[in-house]
Amino acid sequence: MKLRSFHHLALLLLLAAYGGIAPASAGGSWAFLKNVGVSGMHMQLLHTDRLILFDRTNVGPSNLTFPSGHPCRLNPQDDWFHNTTDCTAHSVEYNVSSNTFRGLSLVTDTWCSSGHVAPDGTLVQNGGWKDGTRKIRLLRACGGADTSCDWAEQSAPVVLAADRWYATNQKLPDGRAIIVGGIGQPSYEFYPKTATNNIAFALPFLGQTDTLYPFVHLNIDGNLFIFAGNRAILFDYTRDVIVRNYTMLGDGSDLRTNPNAGSSVLLPLKPNPTEAEVLICGGTKATANDAAAHGHYPPALTTCGRLKITDENPTWVVEEMPSPRVMGDMLLLPNGEVAIVNGAIDGLGGWESANNSNPTTVIYRPDLPFQGPTSRFEQQSPAGITPRPRMYHSSAALLRDGRVVVGGSNPHEFYVFENTKFPTDVTLEAFSPYYLDVANNGLRPNIFNPSPKAGPVKVTYRGKLKLQFFARDGVPGSVTMVAPAYTTHAFSQNQRQLFLTVDVKPLQAFKVNGPDAMPFPGFYEATVDMPATPILAPPGYYMLFVVNGRIPSQGIWVHIQ
Ligand SMILES: *[C@@H]1O[C@H](CO)[C@@H](O)[C@H](O)[C@H]1NC(C)=O
Ligand SMILES: *[C@@H]1O[C@H](CO)[C@@H](O)[C@H](O)[C@H]1NC(C)=O
Ligand SMILES: *[C@@H]1O[C@H](CO)[C@@H](O)[C@H](O)[C@H]1NC(C)=O
Ligand SMILES: *[C@@H]1O[C@H](CO)[C@@H](O)[C@H](O)[C@H]1NC(C)=O
Ligand SMILES: *[C@@H]1O[C@H](CO)[C@@H](O)[C@H](O)[C@H]1NC(C)=O
C-alpha cells in the first residue's frame, strides 16, 4: 500500500476511533430506537443486519398498518379476524444501520413459537397456537435495498410432526435442528422435513419436569444439555438415550423454566475447549404460580446456578444476582461477558402475573475468580433513558455493533395502551454496554480488512482467517465468534460463543519505508484459527469480534460451512 493512501486510511480509522456512538458515561447507556408498531415477542438478528421481530397474529390489529397496495391478510382460521381482512403487520424487519423498518406478512399464529437460522441464513420458525401449531415458516434474508423477502408458510410435508407451542429449537452439527418440547409435548423432532422422516420421539424427562421452553445447549461432546424445571440431563439425540442425569439445581423449591422463566446461557467456550459450563439465572419459587393465581406476587429468585456440564459428577455453584429477576434475558456480549436485562422482580411469566419490573442492567463476568456468590456481577449505572419495563412477551438481541436491542412486552391478551400498569410495548430500545463509551474509543479495535460492510466472509472448519485492524491503545489479544440467537420468553435459543485461537502481529505491510523500518503503531494483523468441528460451531452465520481487554470491535459476519 502506498504511504499516502495509507495515511488517508489511518486518518479515517483514527476518526472512527474517536467518533464513538455512545455518550460519555461510566456504565454504558440506554437509548430509544423506534416505535415499530408491533410488540416484539420473538426476535432474531440475520446476517444482513436486519432484526426480525414478531408477535402473535390473533390479537387484533397491531399499530403498524401496511402501506396501501400491500396485500392484506385473510385467514378464516384466525381467532380474532375470522373472515375479515387484517391490513396490519404482526412481524417487522428492522434495518439496524438506518433505524428504519417495514412490516412483514404472517398468515397463521406464531404465538410462543421457536426457531433457528438454517446454515444458508434462512430464518426457520416453527409452531405456535391453533392454526399455527404445526406450521413451519421460512424467511429468506435479504440485504441492501432489497425489500423482497417475506415470510413463506410451508405446507405438508414441511410441517411439524406434533403440535408445538412453547418449544425450543437447537441447531445441530449436521445443519439440522432439533425441536424440543412444547405444551403437552414431552417429545422432540428434527428439521428439515421430508415426507418420510416426520416423526416425533418421546422424551419422558420433559413430562416429569416441564415441557415449556426447555433450556437446550449443544455440549462440546455433541450431546445436548437439556434443563427443565430444576433438573437437567445430557441427551444423546443420535441414539435417543439419556447419558447423564445431573443433580438438581436447588432443593426442589425453585423452578427455572417457563412460566417460572429464569434464563440460561452456555458460557463462552475457550479455544479448543475441553470443558463447557452453563449458567442459569433467576426464576421463581415453585409456589409462585399458585400465589400469582391469587393476586400475590412473591419476589423472584436472585440465585443463579453454574454447572460444569462436561465434568463426570458436577455440582451447581450457586451465585447471587444484585436483584431478583424473572423473565430476564441473558445475552452473551462480544467480549465474553453476559448482559442481564428485562424482566420483573416478582410474580412470574403469564398474563398479569408480575407486579414490578426490574429496571436494572447487570453484567456477569464469567472469567472472574469466584470470590463469593455476588463477586462476578456488576450492576451498571447507564446514562440516557430509563429503559421501559419489559415484562411477559419481551425479547432481546445482540447487534453486530455491540449494542443489545430490546423489544416487546405485553402482559395482556390483547394490545392495551391505556389504564394499565404495563402497557403493551411496541418500541425498540438499545443498551450500549460500557465498552461503547467514548472513554473506551482508544482501546476499541477497528477491523478494516475484511471490511465490516462488505458482507459475510466465507470460512471453513480448521481454516485460517486473516484480519487487519487498528487499535490506538493496548494490544488486542482475543477474537470471539457469536451465533445470533432466537430470543423469546427469557431464553435465547442457539445462542453460542467461542473464543478462537489467534496470533496477533504488528501489520508489516504498513511499515514506514527507510533505514529504520518500523511497523506503523496501532495496526495489526491477526491470524485466527476457525473452530475445528461443527460440534463446536454448527454451520451458519456468526458475528466475529476482535477484543482488546474488555473492549470489543464492531463485528464482521462470517459464514462457516
Ligand atoms: C397504537 O394505536 C392506538 C390506536 O390507534 C393508539 O391509541 C395508541 O396510542 C398507539 N400506541 C402506540 C404505542 O403507538
Ligand atoms: C367464514 O366464511 C366461511 C365461508 O363463507 C363460513 O363457512 C364461516 O362460517 C365463516 N366464519 C365466521 C367465523 O364467520
Ligand atoms: C438499510 O439501511 C442501509 C443503510 O442506511 C441502506 O443502504 C439500505 O438501503 C436499507 N435497506 C432497506 C431495505 O431499507
Ligand atoms: C436417569 O434417570 C432416569 C429416571 O430416574 C433413569 O431411568 C435413568 O436410568 C438415569 N440415567 C442415567 C444415565 O443415570
Ligand atoms: C404491587 O406493587 C406495588 C408497588 O409498585 C405495591 O404498592 C402493591 O402493593 C403491589 N401489589 C401486590 C398485590 O403485591
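Counting of residues starts from 1 at the beginning of each chain's written sequence and follows it residue by residue. Starting at A for chains and at 1 for ligands, labels are handed out in the order in which the entities are written. Where totals are concerned, whole chains, interfaces and linings use all residues; where local detail is concerned, this predicted model gives features only for residues with pLDDT of at least 70, and gives and counts side-chain atom pairs only at 80 or more. As a rule here, side-chain values come from all non-hydrogen atoms in the structure, and water together with hydrogens is ignored.

Details of the overall build of the protein chain
So, step 1. The helix count covers DSSP runs of H or I at least four residues long, the strand count covers runs of E at least two residues long, and both are numbered beginning at the N terminus. Along its length, the protein chain carries three helices and 43 strands.
So, step 2. Radius of gyration: over C-alpha atoms. The globule rule applied is 2.2 Å multiplied by the number of residues raised to the 0.38 power. At 23 Å, the protein chain has a C-alpha radius of gyration in line with the 24 Å of a compact globule built from 561 residues.
So, step 3. To sort residues, take the accessible area from a 1.4 Å probe on protein chains only and compare it with the maximum for the residue type: under 20% means buried, over 50% means exposed, and anything in between is partly exposed. Burial statistics for the protein chain: of 561 residues in total, 61% are counted as buried.
So, step 4. A fraction of 64% describes how many contacts in the protein chain between residues 6 or more apart in sequence connect residues 24 or more apart.
So, step 5. With the model as given, the accessible surface of the protein chain reaches about 20,600 Å², and the carbon-plus-sulfur share is 55%.
So, step 6. In this charge count, Lys and Arg are treated as positive and Asp and Glu as negative; neither His nor the chain ends contribute. Throughout, a charge is located at the NZ atom of Lys, the CZ atom of Arg, the CG atom of Asp or the CD atom of Glu. For the protein chain, the distance from the average site of its 43 positive side-chain charges to the average site of its 45 negative ones is 7 Å. Contact between two residues is taken to exist if any of their heavy atoms lie within 4.5 Å; hydrogens are not considered. Where accessible areas are quoted, they stem from the Shrake-Rupley method and a 1.4 Å probe; at the residue level, only the protein chains shown are allowed to cover.

Quick look at the domain arrangement of the protein chain
So, step 1. When its domains are assigned, the protein chain resolves into domain 1 (7–21 + 442–560) and domain 2 (54–214).
So, step 2. At the junction of the two partners, domain 1 supplies 13 residues and domain 2 supplies 22 residues.
So, step 3. Of the roughly 1,300 Å² buried at the junction of domain 1 and domain 2 (both faces included), carbon and sulfur atoms supply 58%.
So, step 4. Salt bridges, as used here, are contacts in which a Lys or Arg side-chain nitrogen is within 4 Å of a carboxyl oxygen on Asp or Glu. Linking domain 1 with domain 2 are zero salt bridges, by the criterion used here.
So, step 5. For this analysis, a polar contact is any N or O atom pair within 3.5 Å, provided that within protein one partner can donate a hydrogen and the other can accept it, and provided that sequence-adjacent residues contribute only side-chain to side-chain pairs. Counting every contact that joins domain 1 to domain 2 gives nine residue pairs in polar contact (both at pLDDT 80 or more).
So, step 6. Looking at the side of domain 1 that touches domain 2, the elements with two or more residues in it are β36 (486–488), β37 (491–493) and β41 (540–548).
So, step 7. Polarity classes work like this: nonpolar for Ala, Val, Leu, Ile, Met, Phe, Trp, Tyr, Cys and Pro, charged for Asp, Glu, Lys and Arg, and polar for all others, with Gly in that last group. When the residues that make up the side of domain 1 that touches domain 2 are grouped by side-chain class, the tally is seven nonpolar, six polar and no charged. Segmentation into domains, and thus their bounds, comes from an automatic or database assignment. A 1.4 Å probe defines the accessible area here, and the buried area is the portion of it lost by two parts on being joined, summed over both.

Regarding the site of ligand 4
So, step 1. Whether a residue is near a molecule or strand depends on its heavy atoms: if one lies within 4 Å, it is near. I242, V243 and N245 make up every residue found near ligand 4.
So, step 2. With respect to ligand 4, the side chain of N245 contributes an N or O atom lying 2.4 Å from an oxygen atom.
So, step 3. Coverage of ligand 4 by the protein chains reaches 35% of its 360 Å² of free accessible surface.

Overview of the side chain of Q380
So, step 1. Within the secondary structure, Q380 sits in the loop between β27 (377–379) and β28 (383–384).
So, step 2. Look at Q380 and you get buried, because its relative accessible area is 11%.
So, step 3. Other than its neighbours up to four places away in sequence, Q380 contacts G27, T361, I363, F431 and Y434.

A short note on the sheet that holds strand β5 (residues 100–104)
So, step 1. The pairing criterion is simple: DSSP has to find at least two bridges between the two strands. Read from one edge of the open sheet, six strands run β5-β4-β3-β2-β36-β37, paired in antiparallel fashion. Here the strands that pair on one side only, and so sit at the sheet edges, are β5 and β37. Mean inter-strand twist for the sheet, computed between neighbouring axes without regard to direction, equals 20°.
So, step 2. Where strand β4 (residues 91–95) meets β5, five bridges bridge the pair, whose relative direction is antiparallel. By the bridge assignment, Y94 is partnered in β5 with F101. For every element, the axis is a line fit to its C-alpha atoms; helices are fit only across the contacting stretch, and the angle between N-to-C directions ranges from 0 to 180 degrees.

Thoughts on the sheet that holds strand β40 (residues 523–529)
So, step 1. The four strands are arranged β32-β34-β40-β39 in an open sheet whose pairing can be described as antiparallel. The open sheet terminates on both sides in strands that have one partner only, identified here as β32 (446–449) and β39 (502–506). Here the strands of the sheet are splayed against their neighbours by 35° on average, with no regard to which way each runs.
So, step 2. Inspection of the sheet shows β32 paired to strand β34 (residues 464–470) by three bridges, in the antiparallel sense. In the sheet register, N446 faces β34, and the bridge partner there is F470.

Topic: unusual backbone geometry
So, step 1. A cis geometry characterises the amide bond from A156 onward to P157, with omega recorded as 10°.
So, step 2. Along the chain, the position of P157 falls in the loop between β9 (151–153) and β10 (168–171).
So, step 3. A cis amide bond, omega 0°, links N449 with the succeeding residue P450.
So, step 4. Take P450: it is sitting in the loop between β32 and β33 (457–459).
So, step 5. For K130, which is not a glycine, the phi torsion comes out positive at approximately 45°.
So, step 6. Locating K130 in the fold gives a position in the loop between β7 (123–126) and β8 (136–139).

Examining the environment of F32
So, step 1. Along the chain, F32 turns up in strand β1 (residues 29–35).
So, step 2. Remark: the alpha-carbon pair of F32 and T386, spanning 354 residues in sequence, is separated by 9.4 Å.
So, step 3. In contact with F32, other than residues within four places in its own chain, are I385, R388, T427, L428 and E429.

Remarks on the side chain of D78
So, step 1. If you trace the backbone, D78 turns up in the loop between β3 (50–54) and β4.
So, step 2. For D78, a relative accessible area of 2% translates into the label buried.

Focus: the UniProt feature "domain: Glyoxal oxidase N-terminal" (unreviewed entry) in the protein chain
So, step 1. UniProt positions are given in the numbering used here, feature names are shortened, and annotations may be inferred rather than shown by experiment. As annotated by UniProt and renumbered to match this structure, "domain: Glyoxal oxidase N-terminal" (unreviewed entry) occupies residues 41–435.
So, step 2. Helix makes up 3% of residues 41–435 and strand 31%. Its end C-alpha atoms lie 27 Å apart.

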